[in-house]
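Here are the chains, one letter per residue:
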Amino acid sequence: MADGSSETKSSNQMWGGRFASGPDAIMEEINASIGFDKKLYAQDIRGSIAHATMLAHQGIISAEDKDKIVHGLDTILSEIDSGAFDFSRRLEDIHMNIEARLAALIGPAAGRLHTARSRNDQVALDFRLWVKEELQKTEKALTGLIAAFLDRAEEHAETVMPGFTHLQTAQPVTFGHHCMAYVEMFGRDRARVRHAIEHMDESPIGAAALAGTGFPIDRHMTAKALGFREPTRNSIDTVSDRDFALEFLSIAAIAATHLSRLAEEIVIWSTPQFGFIRLSDAFSTGSSIMPQKKNPDAAELVRAKTGRVNGSLVALLTVMKGLPLAYSKDMQEDKEQVFDAAESLELAIAAMTGMIRDVTIRADRMKAAAGSGYSTATDLADWLVREAGLPFRDAHHVTGRVVALAEQKGCDLADLPLAELQAINSAITDKVYGVLTVEASVASRTSFGGTAPSEVRKQIAWWRARN
Ligand code: ARG
């Protein structure tokens, strides 16, 4: 990109009418957004073509000028696509870079494009189109991640692992059930994405600077041409509003937070101490000094990128919170936050989808851990309620004594002799051993949404029909 330093100081060619000399270098630097908003070139050109076409249709500009404008814009699109376009910082932003190039290509007709339009509605349009496309990409990416989880959940509907609360073994669950928890989380993220697309599906173009315009424009026509449901209904709000960007960032922050929790579990599960999973070589790295190590770098970076995404949300909320209506230049700071968050989120979802598809599940290790820590103690208490008619509170107390005994003897609940169990409560029979295994424990939890393999399979089927 040309930084403009070699260009002579002269008043800006787009709005320089009332300025005697050009901006000094620092002003130029703080003012310019071309360094990042050039990302919006395709949206800017698409918006301008729709606007010019509407202007001609309404008799505001001639068909001849419109043809020149559209042809010139097509040329600029291929120039930028091919890398041949020379961006100038003196021209501030993508809108003025394109318009200046159009003037160079087609002459005075270029000056008619900005009729009944302002950069305020133009940038609102370009950015909205960009965010909408990004949301559509995010929706697809989440669908891919959910599909990866559904496959692993199906494969491991019966694989028993410890379920945790406070990161302490709580009750046995199935790995399939744990996977389906993430399906629910990413499914909600995707629902938020879909809702945001609906929400933002209104066209800003034609709001002009803030008050609308006296030219007989047709905003419904441009809305339709640009794939929006309808035009926005208040021109002041249209150029003031960045809710669509804030919604994108909020959704991204929640999704990134979900990804980060998953990343944390992957980090923990892949330690030799847990050993629940083995990461593929593709998603781990070695240590330059310790030959035995295999580090979960991809998971750690997914966890860390959440910090950037959450930071972007807070940054833009903070930019917006003090702004009076309508447009203020502060709003130019919206783009880098969204671009950075979008890039981080896309990469994090892609990395996670790869990791979930590739990871080796060590079912033997999971099962061994599931049985430790007296994880079936609740099953014993439930059995005492069901079979011996004890109130749950009493059953809880009896079970506590059984656990204490096992602890003292250094054995599992299922290894305690019947006579010793009966010494604690005479109602206990040998049938109790049937509920003390981890398989029996998970199989018994058939309540809707519970961990029993039969129930997990039902939830997988529900999601498959919707993914
Ligand atoms: N580069 C500007 C932005 O991103 C475009 C809008 C400029 N509008 C204005 N009135 N200065 O916000």
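Notes on the structure in this doc start here.

What counts and what doesn't
Residues numbered from 1 in each chain as written. Predicted model: local features only at pLDDT ≥ 70, side-chain atom pairs only at ≥ 80, totals over all residues. Heavy atoms only, no water. Helix = DSSP H or I, 4+ residues; strand = E, 2+ residues; numbered from the N terminus. Rg over C-alpha atoms; globule rule 2.2 N^0.38 Å. Buried < 20%, exposed > 50% of the residue type's maximum accessible area, 1.4 Å probe, protein only. Contact = heavy atoms within 4.5 Å. Areas by Shrake-Rupley, 256 points an atom, 1.4 Å probe, with all protein chains shown as cover. Lys, Arg positive; Asp, Glu negative; His and termini not counted. Charge placed at Lys NZ, Arg CZ, Asp CG, Glu CD. Pairing = 2+ DSSP bridges. Expected span 1.5 Å × (residues − 1). Polar contact = N/O pair within 3.5 Å; in protein donor to acceptor, adjacent residues only side chain to side chain. Near = heavy atom within 4 Å. Nonpolar A, V, L, I, M, F, W, Y, C, P; charged D, E, K, R; others polar. Phe/Tyr/Trp six-rings, centres within 6.5 Å; stacked < 30°, edge-to-face > 60°. Lys NZ or Arg CZ within 6 Å of the ring centre and 35° of its normal. Salt bridge = Lys/Arg side-chain N within 4 Å of Asp/Glu carboxyl O. Patch = residues over 30% accessible without salt bridge, like charges linked within 9 Å, V, L, I, M, F, W, Y side chains within 5 Å. Axes fitted to C-alpha atoms, helices over the stretch in contact; angles between N-to-C directions. Left-handed = near helix turned anticlockwise from the far one by under 90°.

## Remarks on the overall build of the protein
Point 1. Looking only at helices and strands, one finds 18 helices and six strands in the protein.
Point 2. Since a compact globule built from 467 residues should have a radius of gyration of about 23 Å, the 31 Å found for the protein marks it as more spread out than a globular shape.
Point 3. Counting only C-alpha atoms, the protein reaches 100 × 55 × 40 Å along its principal axes.
Point 4. Out of the 467 residues in the protein, the part that is buried amounts to 49%.
Point 5. The long-range share in the protein, meaning contacts at least 24 apart out of those at least 6 apart in sequence, stands at 75%.
Point 6. When the accessible area of the protein is evaluated, it comes to approximately 21800 Å², of which 54% is carbon and sulfur surface.
Point 7. Where the 51 positive side-chain charges of the protein centre and where its 62 negative ones centre are 2 Å apart.

## Observations regarding the pairing of strand β1 (residues 160-165)
Point 1. Pairing analysis gives six bridges linking β1 to strand β2 (residues 168-174), with the strands arranged antiparallel. If you follow Pro 162 over to β2, its bridge partner there is Pro 172.
Point 2. The hairpin turn running from β1 into β2, its antiparallel successor, is two residues long, and His 166 in that turn takes a positive phi close to 55°.

## Here we look at helix α5 (residues 94-106)
Point 1. A rise of 1.5 Å per residue sets the reference length of α5, with its 13 residues, at 18 Å; its end C-alpha atoms lie 18 Å apart and thus fit the reference within 8%.
Point 2. Every buried residue belonging to α5 is among Ile 94, His 95, Met 96, Asn 97, Ile 98, Glu 99, Ala 100, Leu 102 and Ile 106, and all of these are buried.
Point 3. Where α5 is buried, its residues touch α2 (34-37), α3 (41-57), α4 (63-81) and α6 (119-155).
Point 4. For α5, the N-terminal capping position is held by Asp 93, with its side-chain oxygen 3.3 Å away from the main-chain nitrogen of His 95.
Point 5. Immediately downstream of α5, the backbone of Gly 107 shows phi near 80°, a positive value.

## Examining the site of the ligand
Point 1. In the region of the ligand, the neighbouring residues are Ser 33, Asp 37, Asp 93, His 95, Arg 119, Asn 120, Val 123, Tyr 327, Gln 332 and Lys 335.
Point 2. Separating an oxygen atom of the ligand from a side-chain N or O atom of Lys 335 is a distance of 2.6 Å.
Point 3. If the ligand stood free it would expose 350 Å²; the protein chains cover 86% of that surface.
Point 4. For the shell around the ligand, the leading source of residues is α6, giving three residues.
Point 5. Looking at the shell around the ligand residue by residue, the class counts come to two nonpolar, four polar and four charged.

## Re the side chain of Arg 128
Point 1. Relative to the assigned elements, Arg 128 resides in helix α6.
Point 2. Assessed through its relative accessible area of 4%, Arg 128 is described here as buried.
Point 3. For Arg 128, the contacting residues outside a window of four places in its chain are Met 200, Glu 202, Pro 204, Phe 228, Thr 232, Asp 241 and Phe 244.

## A short note on the packing of aromatic side chains
Point 1. In this structure the tally under the stated criterion is 11 aromatic pairs.
Point 2. Ring centres of Trp 130 and Phe 339 lie 4.7 Å apart, and the angle between their planes is 65°; on these two criteria the pair is classed as edge-to-face. Taken as a pair, Trp 130 in helix α6 and Phe 339 in helix α12 (residues 334-358) lie far apart in primary sequence, 209 residues in all.
Point 3. Classification of Phe 339 as buried rests on a relative accessible area of 6%.
Point 4. A connected cluster of aromatic rings, assembled from ring pairs, spans Phe 127, Trp 130, Phe 244 and Phe 339.
Point 5. We note Lys 39 situated over the ring of Phe 339; from NZ or CZ to the ring centre the distance is 5.2 Å.
Point 6. For Lys 335, the ring lying beneath its charged end belongs to Phe 127, and the centroid distance is 5.6 Å.

## Side note on the pattern of salt bridges
Point 1. The final tally for this structure, using the stated rule, is 33 salt bridges.
Point 2. Measuring nitrogen to oxygen at the nearest pair gives 2.9 Å for the salt bridge that ties Asp 151 to Arg 357. Of this pair, Asp 151 sits in helix α6 while Arg 357 sits in helix α12; the two residues are 206 residues apart in sequence, bridging distant segments of the chain.
Point 3. Beyond isolated ion pairs, a larger network of salt bridges with shared partners links Glu 92, Asp 93, Arg 119 and Lys 329.

## Here's the deal with a nonpolar patch on the surface
Point 1. The grouping of Leu 210, Ile 236 and Leu 325 at the surface amounts to a nonpolar patch, some 280 Å² of accessible area in total.
Point 2. As for its placement among the helices and strands, Leu 325 is situated in the loop between α11 (297-320) and α12.
Point 3. Taking the relative accessible area as the measure of exposure, Leu 325 reaches 67% and is therefore exposed.

## Quick word on the side chain of Lys 335
Point 1. You can see Lys 335 is positioned in helix α12.
Point 2. In terms of polar contacts, Lys 335 uses its side chain to reach the side chain of Asp 334, at 2.9 Å.
Point 3. Among residues more than four places away in sequence, those in contact with Lys 335 are Phe 36, Asp 37, Leu 40, Val 123 and Phe 127.

## Some details on the environment of Ser 444
Point 1. Considering the arrangement of structural elements, one finds Ser 444 in helix α17 (residues 438-444).
Point 2. Between the alpha carbons of Ser 444 and Glu 265 there is a distance of 26 Å; along the sequence they are 179 residues apart.

## A look at the packing of helix α10 (residues 243-269) against α12
Point 1. Packing of α10 against α12 leaves a shortest axis separation of 10 Å and a crossing angle of 35°. Of the two possible hands of crossing, α10 and α12 adopt the one that is left-handed. Here Ala 245, Phe 248, Leu 249, Ala 252, Ala 255, Ala 256, Leu 259, Leu 262, Ala 263 and Ile 266 of α10 lie close against α12, whose contacting residues are Gln 337, Val 338, Ala 341, Ala 342, Leu 345, Ala 348, Ile 349, Met 352, Met 355 and Ile 356.

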